[in-house]
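Structural overview for review
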Amino acid sequence: MRVATWNVNSIRARSGRVVDWLVREDVDVLAMQEIKCKPEQFPLEAFEDAGYEVVAHGLNQWNGVAFASRLPMTDVDLSFPAQPGFLKGAEGPDLPLEARAIGVTIDGIRLWSLYVPNGRALDDPHYAYKLDWLARLNEETSSWLARHPDAPLALMGDWNVAPTDADMGDPSFVPGLSTHISPPERAAFAAFLDTGLTDVVRPIVPEGYTFWDYKQLRFPRNEGMRIDFILGSGAFADLVTDARIHRDERKGDAPSDHVPVSVDLELEGGDDLDRPMIF
DNA sequence: ATGGCGAGCGAAGCTCGA
């Protein structure tokens, strides 16, 4: 089974490219971020004509997450427990949740498509929101894994954190002044590793960015950032046989500023749509 | 000094992203 994550930067502006890529790369499951639309605005037909079911969570033109899958999806969640909300100018609990998380179960594997808040600036309320969001997500993940210690689980998406210096190639991000590289953000990301998740792509693809800003020739100069990750539980990591960062998807007409990241899973027993029977 | 790009909304110029 091939599973991928992609911040598509508006699915309505990108449905052709995304579906073409799914078919061409024989992807079974795609976690999307920044669909930038409500479910009723999602270009369903293009996906269904290609053989994919879609579940989408979007409230307005901002954020929005979704899954497209060739396999049945169950247990759809549109937020994680204790997910923080945000409202401009407001503080405290019970703020409205943004459309930044969707969870599904596919073939016994628990998958999340996550769009971590950007943070904007170190002194912006969005920065505290980002750190809180990551801390709450990690608490929930830890709790879930305690209840399901042997379950395959993956947190996939746009984390808006460059965990190491090698993941930051954009010279406009300055240590001490910029988000994505601040010690608290990196600590919040590293905490997921302490919880028992691992970056299942990095061992297979040790180098490469997943995002390049549209501005200032960032892609031709390869001044990008690695901020899109697939973090898997032990049981998930054991299934991974390959991984890729699809850098070419930043090329050509009307690309997203992010590229897809995919992993291949070897499932026990009943896989597989595409593996030849060998006797 | 400072934007460049691209999207949504809505019909100009904001807001947002990273």
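Here the structure is shown first, and the text comes after it.
It should be emphasised that the depicted structure is a prediction, and the values quoted were computed from it without experimental measurement.

Looking now at the nonpolar core. Counting 34 residues, the largest nonpolar core has Phe67, Leu111, Phe236, Val263 and Leu265 as the members making the most contacts within it. Among the secondary structure elements, those contributing two or more residues to this core are strand S2 (29-33), strand S4 (65-69), strand S6 (101-106), strand S7 (109-115), strand S8 (153-158), strand S11 (240-245) and strand S12 (261-265). If near-sequence neighbours (up to four positions away) are discounted, phenylalanine 236 is found in contact with Ile109, Leu111, Pro152, Leu153, Ala154, Val200, Ile230, Val263 and Leu265.

This part covers a negative patch on the surface. A cluster of acidic residues, Glu45, Glu48, Asp49 and Glu53, forms a negative patch at the surface. With three residues, the single largest contributor to the negative patch is helix H2 (residues 44-49). Relative to the helices and strands, glutamate 48 resides in helix H2.

The subject of this paragraph is the sheet that holds S11. An order of S3-S4-S2-S1-S12-S11 is seen for the six strands of this open sheet, with the pairing classed as mixed. At either margin of the open sheet sits one strand with a lone partner, and together these are strand S3 (53-57) and S11. When the angles between neighbouring strand axes are averaged without regard to direction, this sheet yields 15°. Contacting strand S1 (2-7) and S2, helix H1 (residues 15-24) crosses the sheet at an angle of about 160° to S1.

Attention now goes to the sheet that holds strand S5 (residues 74-77). Strands sit in the order S5-S6-S7-S8-S10-S9 across an open sheet of six strands; the sheet is mixed. The outermost strands of the open sheet, each flanked by one partner alone, are S5 and strand S9 (198-199). As paired elements, S8 and strand S10 (residues 228-232) share five bridges and run antiparallel to each other. The residue of S10 that forms the bridge with methionine 156 is isoleucine 230. Against the sheet, helix H3 (residues 125-147) engages S6, S7 and S8, with an angle of about 165° to S8. Along the sheet face, helix H4 (residues 183-194) touches S8, S9 and S10 and points at about 25° away from the line of S10.

By nearness alone, 22 residues border DNA strand B, and Ser10, Asn118, Arg120, His180 and Gln216 come closest of all. The contact atoms of DNA strand B, taken as those within 4 Å of the protein, divide so that sugar and phosphate hold 70%. Between DNA strand B and aspartate 158, the relevant distance is 3.1 Å, taken from a phosphate oxygen to a side-chain nitrogen or oxygen of the residue. Within the side chain of asparagine 160, a nitrogen or oxygen atom sits 3.0 Å from a phosphate oxygen of DNA strand B. Here the surface near DNA strand B is built from residues that sort into seven nonpolar, eight polar and seven charged.

What follows covers the pairing of S4. Extensive coverage of S4 is indicated by the burial of five of its five residues. Every second residue of S4 is oriented toward a common face, with Val65, Phe67 and Ser69 on one face and Ala66 and Ala68 on the other, all of them buried. Looking at chain direction, S3 and S4 are connected through five bridges and run antiparallel. Residue pairing in the sheet places valine 55 in a bridge with phenylalanine 67 of S4.

We now examine the packing of aromatic side chains. In this structure the tally under the stated criterion is nine aromatic pairs. Pairing tryptophan 6 with tryptophan 21 gives two aromatic rings, centres 5.2 Å apart and planes at 70°, and the pair type is edge-to-face. Taken together, the residues tryptophan 6 in strand S1 and tryptophan 21 in helix H1 connect sequence positions 15 residues apart. Owing to a relative accessible area of 1%, tryptophan 21 belongs among the buried residues under this scheme. Taken together, the aromatic side chains of Trp159, Phe189, Phe192 and Phe229 make up a single cluster linked through ring pairs.

Thresholds, definitions, all that
Residues numbered from 1 in each chain as written. Chains lettered and ligands numbered in written order. Predicted model: local features only at pLDDT ≥ 70, side-chain atom pairs only at ≥ 80, totals over all residues. Heavy atoms only, no water. Core = buried A, V, L, I, M, F, W, Y, C linked by side-chain atoms within 4.5 Å. Buried < 20%, exposed > 50% of the residue type's maximum accessible area, 1.4 Å probe, protein only. Helix = DSSP H or I, 4+ residues; strand = E, 2+ residues; numbered from the N terminus. Contact = heavy atoms within 4.5 Å. Patch = residues over 30% accessible without salt bridge, like charges linked within 9 Å, V, L, I, M, F, W, Y side chains within 5 Å. Areas by Shrake-Rupley, 256 points an atom, 1.4 Å probe, with all protein chains shown as cover. Salt bridge = Lys/Arg side-chain N within 4 Å of Asp/Glu carboxyl O. Lys, Arg positive; Asp, Glu negative; His and termini not counted. Charge placed at Lys NZ, Arg CZ, Asp CG, Glu CD. Pairing = 2+ DSSP bridges. Axes fitted to C-alpha atoms, helices over the stretch in contact; angles between N-to-C directions. Near = heavy atom within 4 Å. Polar contact = N/O pair within 3.5 Å; in protein donor to acceptor, adjacent residues only side chain to side chain. Nonpolar A, V, L, I, M, F, W, Y, C, P; charged D, E, K, R; others polar. Phe/Tyr/Trp six-rings, centres within 6.5 Å; stacked < 30°, edge-to-face > 60°.

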